[in-house]
Amino acid sequence: PARGKAQFQRVVQLLKIMPKETTKRLLIVDSDKDACNFAKFYFGRRGYLVYTADSTIKAFKLLREENPQVLLLDMLVSSRSGIDLLIEIRKFNHDICVVITGAEELDHKTCLLVTELDVLEFIEKPLIILELEKAIDRAWNEYNPPPATK
């Protein structure tokens, strides 16, 4: 147990000194804490440094402090529209790749707005984890494309 704890503390120390540019950072914004915890565990095991926010205030704080490359955003966050939140985010962050989740299919007007806000993908709930993983990985690759080969 002591050895495992020491190894864990060493990993934490390495993460603190690792340049943020080389770390895959994912922010999950959803008022469902259980969903956030599961996704944090799942994507953490796949190499992402995962931050979660169950409110818009916490989301803005994490966006500014941690500068994640990928945002997984629910359509409804603490009784506020995820689209309204994204409109506010786009005022100061145009680079973050966004995947939106929602319980219902998007109507035509919302589809146009989502396209205008440069959302990479919309996934309807209930979520299928492999579909979500593909979308998050695609968003990461969109943010951080591999170098062009000659």
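Residues numbered from 1 in each chain as written. Predicted model: local features only at pLDDT ≥ 70, side-chain atom pairs only at ≥ 80, totals over all residues. Heavy atoms only, no water.

### Points about the environment of Thr110
Link 1 in the chain: Residue placement: Thr110 occurs in helix H5 (residues 108-116).
Link 2 in the chain: Once residues lying within four places of it in the same chain are set aside, the contact partners of Thr110 are Met75 and Ile83. (Helix = DSSP H or I, 4+ residues; strand = E, 2+ residues; numbered from the N terminus. Contact = heavy atoms within 4.5 Å.)

### Regarding the environment of Met75
Link 1 in the chain: Its location among the elements puts Met75 in the loop between strand S3 (70-74) and strand S4 (76-77).
Link 2 in the chain: For Met75, a relative accessible area of 22% corresponds to the partly exposed category.
Link 3 in the chain: Sequence-wise, Met75 and Leu86 are 11 residues apart; in three dimensions their C-alpha atoms are separated by 9.6 Å.
Link 4 in the chain: When sequence neighbours within four positions are dropped, the list of residues in contact with Met75 reads Arg80, Ser81, Gly82, Ile83, Ile100, Thr101, Gly102, Leu106, Thr110 and Phe122. (Buried < 20%, exposed > 50% of the residue type's maximum accessible area, 1.4 Å probe, protein only.)

### Section: the packing of helix H2 (residues 33-44) against helix H6 (residues 129-143)
Link 1 in the chain: Relative to each other, H2 and H6 sit at 60°, their axes nearing to 12 Å. The crossing of H2 and H6 is right-handed. On the side of H2, the interface is formed by Phe38, Tyr42 and Phe43, while H6 contributes Ile129, Leu130, Leu132, Glu133 and Ile136.
Link 2 in the chain: Residues belonging to the contact of H2 with H6 are distributed by class as follows: 7 nonpolar, no polar and 1 charged. (Axes fitted to C-alpha atoms, helices over the stretch in contact; angles between N-to-C directions. Left-handed = near helix turned anticlockwise from the far one by under 90°. Nonpolar A, V, L, I, M, F, W, Y, C, P; charged D, E, K, R; others polar.)

### Focus on the sheet that holds S3
Link 1 in the chain: Strand order in the open sheet formed by 5 strands is S2-S1-S3-S6-S7, and the pairing between neighbours is parallel. One side of each edge strand has no neighbouring strand; the edge strands of this open sheet are strand S2 (48-53) and strand S7 (119-124). Neighbour to neighbour, the strand axes of the sheet diverge by 20° on average, direction disregarded.
Link 2 in the chain: Across 4 bridges, strand S1 (residues 24-29) lies against S3 in parallel orientation. Bridging across to S3, Ile28 finds its partner in Leu72.
Link 3 in the chain: Across the sheet, helix H4 (residues 82-90) lies against S1, S3, strand S6 (97-102) and S7, angled at about 150° from S3, the strand it touches most. (Pairing = 2+ DSSP bridges.)

### Let's talk about the pairing of S2
For a regular strand, side-chain orientation follows a simple rule: the groups alternate between the two sheet faces.
Link 1 in the chain: Counting buried positions along S2 yields 5 of 6 residues, so the element is predominantly enclosed.
Link 2 in the chain: Handedness of the crossover joining S1 and S2 through H2 is recorded here as right-handed. (Right-handed = clockwise from strand over helix to strand, strands pointing away.)

### A word on H4
An α-helix turns once per 3.6 residues; consequently, residues spaced three or four apart project the same way.
Link 1 in the chain: Taken residue by residue, H4 has Gly82, Ile83, Leu85, Leu86, Ile89 and Arg90 as its buried positions. Each buried residue of H4 sits inside an arc of 155° when the element is viewed along its axis, so together they form one side. (Arc of directions from axis to C-beta.)

### Notes on the nonpolar core
Link 1 in the chain: Of all hydrophobic cores here, the largest spans 22 residues; its most connected members are Leu27, Val29, Leu71, Leu73, Leu86, Ile89 and Ile100.
Link 2 in the chain: Look past the residues within four positions of Ile100 in its chain and what remains in contact with it is Leu73, Met75, Ile83, Leu86, Val114, Val119, Glu121, Phe122 and Ile123. (Core = buried A, V, L, I, M, F, W, Y, C linked by side-chain atoms within 4.5 Å.)

### Quick notes on unusual backbone geometry
Among all residues except glycine, the phi angle is most often negative; among peptide bonds, the trans geometry is most common.
Link 1 in the chain: A cis amide bond links Lys125 with the next residue in sequence, Pro126, at an omega value of 5°.
Link 2 in the chain: With respect to the helices and strands, the residue Pro126 is situated in the loop between S7 and H6.
Link 3 in the chain: For Asn67, which is not a glycine, the phi torsion comes out positive at approximately 45°.
Link 4 in the chain: Counting through the fold element by element, Asn67 comes out in the loop between helix H3 (56-66) and S3.

### Let's talk about H3
Link 1 in the chain: Within the span of H3, buried status applies to Thr56, Ala59, Phe60, Leu62, Leu63 and Glu66. One side of H3 holds all its buried residues, which, seen down the axis, span an arc of 165°. Among the exposed residues of H3, those oriented more than 90 degrees off its buried face are Ile57 and Arg64.
Link 2 in the chain: Among the structural elements, S1, S2, S4, strand S5 (80-81) and H4 are those in contact with the buried residues of H3.
Link 3 in the chain: At the C-terminal side of H3, Asn67 shows a positive phi close to 45°.

Shape descriptors only; they carry no functional weight alone.
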